[in-house]
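Secondary and tertiary structure notes
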Amino acid sequence: MSVRSLRLERWSGQLLSAPRTRTRSRAPCCLRQGQQCLSGSNTRSFSASAVSRNPRIEKEFVDEDGDGIGLFEAPTHPVQQEYPSPSPRAALRSSKLAALHARLGLPQKLPLQTVARTLVDPSADSNVDFNNASLAQLGGSIMSYHVSEWLLVTYPRLPMSVLFAAAYAYNGPKTLQLVAKEWGVDTAAAPGREVDPGYLQFEKLAPGTDYAAIKAAGGSSRPDKFNFFRRGMSSRVVYDDEFGDTIPKKNESALPIPTESAYAGFVKALIGSIHLHAGREAAKVFVKEHILSRQLAIDTLFQFKEPIRELSRLCAREGFEHPMARILSETGRLSRHPVFNVGIFSGKDKLGEGSGASLQEARTRAAVMSLKSWYLYSPGKNERVPSDMEAPGEKAAWEPVHIDIGEVIH
Amino acid sequence: MDSNLIRRPLAKIVTNKKPCLSAFSTTSRQNQESYRRAKQRANIRPNSSFLESDDSPANNHIIFNPPSAAPSVFNTPLKFLPKEDKRRQLLATTQARLAPTSTRLPPPVQRQKQVPHHHLSDADIKEIQRLRRDEGSVWTNKKLARKFNCSTMFVSICVSQCGGDNLAWQASEKARLDKIKADWGPRRLMAHEDKLKRMEMALRDA
């Protein structure tokens, strides 16, 4: 999971392609600064949302001449004084941003301008030099790596579906929205230049929009789209993202997005910016304190189909005696509300127990509990994870962690 | 495990608060008419572990008397610990001390059927498959198991390869059950739905 979720090839698009090709995206940066010096004040002739629908840069246009004369030709490129997102200079004057920086205890090396950039979603500003897409890609990979390595070391026997669900519960978009809201980050009603940089800016979905249908219509990056029915756990591991969901084929960054995706992008981008400015350890500590410190009831994520058979296959695989259900205690067998307490025994050792209103229910519950206690084995909450070895003061040699042979197949 | 993805409402399972034992959802209320009666009722004799006895230690000591509770899935049984785990040694000594002296186990839920294994030849298996294929309505799994003295599980594995399709039988069975269900009134229907919900919850042990 960890190696796959890093997806180095997916970072490279935005981070590496910009310096290689000279596009017009460089020019407006300079142009913009020049204009700001000239005009000196914000012009508010257009509404914010109208501006954001007119992206200021044609990214497809490649200036192959390299002389840059065409950049200042007025007829082909009309002077646009309106930009979709606030200028970096406004970040220094925003009390909201400064308060957020202080409240989260962010490192001093992380400038306010970068924090402001993490709050601009690609749907608000399509220019990759001013939105948080690249930072979110980096930060999302870092966060996903730390969560998955912690899960794998802490619960080495988790089945794949539970691992996906646990990763989703720790760093899925819904949880990241909760986290960002607890940090006190609000959304701007509509993105625009005049908005305070302390607000999260993105193009909101119209109420009642069926986003799942839009996303499904775009298609996924799976190569087996014609064999859509071949979508088991193994194919999710190979083709899909860290939560077992399909990866959308093309990223229409200018389209409106749901609030949770925008919040998730912000949290990821903030982690990415901490990594870039303050280093690997700071980013790891941040993930630990804000994401991994949360309490997850991981035992509620299990869903079994045939627990009794699965348990007997487990015992056969591990060389234990065949599991037997035995009645530990019971009350009111002939009454309207009987209660049976059934234990599952392998030889003389009790593996688990459960109680229910019928013998069948109690036996099922006991088998489920035994299986859960097998899958939820943990060597300890504070086990060392592989990335701990990269810490500067780490002297002790690495002890291999427990690696399980996998879930029970029955 | 189920091969589908599991998605539960996150607000219920992810919190930033540690679980707190003393958080009661219901407020305690005095239902007794008078303080005296309530006090009388609460005057319970303490557990014997709280009382001083001749063999209790002379100095200050810790009384370990936890309230009875359902066992937690996070306490891995000794048998499930991997061989290199350090807790194995500790738990083994504790279990040896706490285990009851009598070796009698509680009674089983259902008596194990003494069915012989690996006693049917290929000809027998062919015969099972022929009977099911030709006279499927008569030779049910149960009857075949009784005739050949094997388990119904084994019969079901044999007949799954016999080639005949039992779609017609499945359809007739479904029609029969649907007819029975159509006669149910609202109370029985609700009881049936509740039962299905209970079994689904039992599969999660929720």
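Okay, so let's go over this structure. (Residues numbered from 1 in each chain as written. Chains lettered and ligands numbered in written order. Predicted model: local features only at pLDDT ≥ 70, side-chain atom pairs only at ≥ 80, totals over all residues. Heavy atoms only, no water.)

As for the overall build of chain A
Counted only if it meets this: Elements are defined by DSSP. Helices are runs of H or I of four residues or more, strands are runs of E of two residues or more, and each kind is numbered from the N terminus. Each residue's exposure class comes from its accessible area (1.4 Å probe, protein chains only) as a fraction of the maximum for that residue type: buried when under 20%, exposed when over 50%, partly exposed otherwise. Should any heavy atoms of two residues lie within 4.5 Å, those residues are counted as being in contact. Calculation of accessible area relied on Shrake-Rupley with a 1.4 Å probe; when residues are assessed, cover is drawn exclusively from the protein chains displayed.
In terms of helices and strands, chain A carries 16 helices and four strands. Considering chain A as a whole, with its 410 residues, one finds that 48% of them fall into the buried category. Here the contacts in chain A between residues at least 6 apart in sequence split such that 69% fall between residues at least 24 apart. When the accessible area of chain A is evaluated, it comes to approximately 20,100 Å², of which 55% is carbon and sulfur surface.

Quick look at the nonpolar core
Taken as a class, soluble globular proteins show a tendency for nonpolar side chains to be buried jointly. The criterion, for reference: Nonpolar core, defined: a set of buried Ala, Val, Leu, Ile, Met, Phe, Trp, Tyr and Cys residues in which side-chain atoms within 4.5 Å join the residues together. An automatic or database domain assignment is the source of the domain bounds shown.
Membership of the largest hydrophobic core comes to 83 residues, with the highest contact counts inside it found for L151(A), W183(A), F266(A), L270(A), L296(A) and I298(A). Counting residues per element, this core draws most heavily on helix 9 (residues 160-171) of chain A, at 10 residues. Mapped onto the domain boundaries, this core takes at least three residues apiece from domain 1 (2-297) and domain 2 (302-375) of chain A. Look past the residues within four positions of L151(A) in its chain and what remains in contact with it is P156(A), L163(A), A166(A), A167(A), Y170(A) and I298(A). Of all hydrophobic cores here, the second largest spans 11 residues; its members include I128(B), W139(B), F148(B) and V159(B).

Observations concerning helix 16 (residues 359-375) of chain A
Our working rule: Working rule for helices: expected span equals 1.5 Å times residues minus one.
Between the first and last C-alpha of helix 16 of chain A there are 24 Å, a value that for 17 residues agrees with the 24 Å anticipated at 1.5 Å per step. Burial within helix 16 of chain A is extensive, with 15 of its 17 residues counted as buried.

Digging into a positive patch on the surface
Residues and elements named next belong to chain B. For the record, the criterion: Without a salt bridge and with relative accessible area above 30%, a residue can belong to a patch; like charges are then joined within 9 Å and nonpolar side chains (Val, Leu, Ile, Met, Phe, Trp, Tyr) within 5 Å. Here, a salt bridge means any Lys or Arg side-chain nitrogen found within 4 Å of an Asp or Glu carboxyl oxygen. By the counting scheme adopted, Arg and Lys are positive, Glu and Asp are negative, and His together with the chain ends is not counted. In this description, the location of a charge corresponds to atom NZ of lysine, CZ of arginine, CG of aspartate or CD of glutamate.
Judged by side-chain charge, K113, K142, K143 and R146 come together as a positively charged surface patch. Of note, K142 is situated in helix 5 (residues 141-148). Using a relative accessible area of 57% as the deciding quantity, one classes K142 as exposed.

Quick word on the pairing of strand 4 (residues 349-356) of chain A
All names here are of chain A. Short version of the rule: If DSSP finds at least two bridges between two strands, the strands pair.
The pairing of strand 3 (residues 339-346) with strand 4 spans seven bridges and is antiparallel. Bridge pairing in strand 4 places V342 opposite G354. Taking the residues that link successive antiparallel strands as the turn, the strand 3-strand 4 hairpin has two residues, and the phi of G347 there is positive, at about 70 degrees.

Structural notes on the pattern of salt bridges
Residues and elements named next belong to chain A. This model, assessed by the stated rule, comprises 20 salt bridges over all chains. One salt bridge connects D388 with K284, and the closest N-O pair in it is separated by 2.2 Å. Residue D388 is located in the segment after helix 16, and its partner K284 is located in helix 14 (residues 280-292); the two are separated by 104 residues in the primary sequence. Under the relative-accessibility criterion, D388 is labelled buried at 15%. Its salt-bridge partner being E306, residue R309 comes within 3.6 Å of it at the nearest N-O pair. Overall, R309 belongs to the partly exposed group, its relative accessible area being 35%. E306 gets classed as partly exposed once you look at its relative accessible area, which sits at 37%.

Details of the interface of chain A and chain B
For clarity, the threshold we go by: By buried area we mean the combined loss of accessible area, with a 1.4 Å probe, across both parts when two parts are placed together. Here a polar contact is recorded for every N or O atom pair within 3.5 Å, except that within protein the pair must consist of a potential hydrogen donor and a potential acceptor, and residues adjacent in sequence are included only if both atoms are side-chain atoms. In this classification, the charged set is Asp, Glu, Lys and Arg, the nonpolar set is Ala, Val, Leu, Ile, Met, Phe, Trp, Tyr, Cys and Pro, and all remaining amino acids, among them Gly, are polar.
Counting from both sides, the interface comprises 71 residues of chain A and, opposite them, 47 residues of chain B. When the two sides are added together, the surface that chain A and chain B hide from each other amounts to roughly 5,300 Å², 60% of it contributed by carbon and sulfur. Inspection of the chain A/chain B interface yields three salt bridges. One salt bridge connects K79(B) with D349(A), and the closest N-O pair in it is separated by 3.3 Å. Counting every contact that joins chain A to chain B gives 13 residue pairs in polar contact (both at pLDDT 80 or more). Here the side of chain A that touches chain B gets 13 residues from one element, more than from any other, and that element is helix 16 of chain A. A per-class count over the side of chain A that touches chain B returns 33 nonpolar, 17 polar and 21 charged. Relative to strand 1 (residues 14-15) of chain B, strand 1 (residues 295-296) of chain A runs antiparallel, the two sharing two bridges. Pairing of L296(A) across the sheet is with V14(B), part of strand 1 of chain B.

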